[in-house]
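# Overview (structure and organization)
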Amino acid sequence: MRDFLDLQKRLFVLLILFLCALLLYSFNLRTKPETNLFERSILILTGPLSQGVTAGAHLRVHSGQDYLNLVGVKQENSALRRELERLERIYIHNKELAAENARLRKLLEFREHVEEEAIPAQVISADAMNWFRTVTINKGADSGIEENMPVVAASGVVGRTIKCAANSSRVLLITDASSAVAALIQDSRTRTVARGTGSDIACEYAVRLDETRVGDHLVTSGTGGVFPKGIPIGTISSVHIPEYGLFQNIKAEPAVDFSRLEEVLVIIKKES
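So, here's what we can say about the structure. (Residues numbered from 1 in each chain as written. Predicted model: local features only at pLDDT ≥ 70, side-chain atom pairs only at ≥ 80, totals over all residues. Heavy atoms only, no water.)

### Structural notes on the pattern of salt bridges
Applying the stated criterion across every chain, the model contains three salt bridges. With a closest N to O distance of 3.2 Å, D127 and R170 form a salt bridge. In this pair, D127 is assigned in the loop between β1 (117-126) and β2 (134-137) and R170 in strand β5 (residues 169-173), connecting sequence segments 43 residues apart. With a closest N to O distance of 2.9 Å, D257 and R260 form a salt bridge. Given the relative accessible area of 37%, D257 is considered partly exposed. (Salt bridge = Lys/Arg side-chain N within 4 Å of Asp/Glu carboxyl O. Helix = DSSP H or I, 4+ residues; strand = E, 2+ residues; numbered from the N terminus. Buried < 20%, exposed > 50% of the residue type's maximum accessible area, 1.4 Å probe, protein only.)

Structure (structure tokens):
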């Protein structure tokens, strides 16, 4: 214990002497233009210590500056990320608007070929049940829509209204089993009834002797009091002529892709 105290005293004395030497050296620098042997010795002894202190100060300065630079880069990256997300949202929105404009343009072109008044509407929901094939549109009685009015899209027949509220209507799709539309096979002029099967269309009562081919177009005949004449219903996908019987077994693929149906026209029937 005593040896430790003696060591502490010696170190304290050396520190005092060292500080006195530095003070003397600093005084001589201001009063004498030349450096003597004693001052050179002080410089040699204090040089490593001064370099260490200076290096530590520079290290702290550079470390602080690096930290500030990292903070600035992080903030800039966050700002760029937010801007990129904003531009991506704008791109997606504009792409959706372009697709909607293209669909509406086709619908408008189709509307020009319909002599009757037609009200545009949007599909707002689809029946998720397997028992019925229906969709709901955002126009109803307040817009002049009534039950049993034909509903079409740019590509062809959609169905007919079956329930009307003030601002919405339910539409029975042509693929529903309870739906039936008077139709013509366009090329052969064979009269038939297009009836839904759930996924496609069966052409009933097509005379067996009339020639029907896969790829022929099926259109509304204008009879039946619902749909105007000549609106596309679908394309013949299969033809089977039984050995016996009066009628062919014909299936057709709907002209409308109901899984992507978004806009429709409701045809307002003129008063007779």
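### Let's talk about the sheet that holds strand β6 (residues 180-185)
With antiparallel pairing, six strands are arranged side by side around a closed barrel as β6-β7-β8-β11-β10-β9. Within the sheet, the average angular offset between the axes of one strand and its neighbour, ignoring direction, is 40 degrees. Two strands pair when backbone bridges link them, and β6 and strand β7 (residues 190-196) are joined in this way by six bridges, in the antiparallel orientation. Each bridged residue has a counterpart across the sheet, and for A180 the counterpart in β7 is R195. (Pairing = 2+ DSSP bridges. Axes fitted to C-alpha atoms, helices over the stretch in contact; angles between N-to-C directions.)

### As for the pairing of strand β10 (residues 232-240)
Here strand β9 (residues 217-220) pairs with β10 via three bridges, running antiparallel. Bridge pairing links L218 to G234 in β10. Bridge count between β10 and strand β11 (residues 249-254): six bridges; the pairing is antiparallel. Across the sheet, S238 pairs through a bridge with K251, a residue of β11.

### Things to note about the side chain of T220
You can see T220 is positioned in strand β9. At 2.6 Å, the side chain of T220 forms a polar contact with the backbone oxygen of P228. In this structure the side chain of T220 is engaged in a polar contact, spanning 2.9 Å, whose partner is the backbone nitrogen of I231. Apart from the residues within four sequence positions on either side, T220 is in contact with V157, V181, A182, A183, F227, P228, K229, G230, I231 and I233. (Polar contact = N/O pair within 3.5 Å; in protein donor to acceptor, adjacent residues only side chain to side chain. Contact = heavy atoms within 4.5 Å.)

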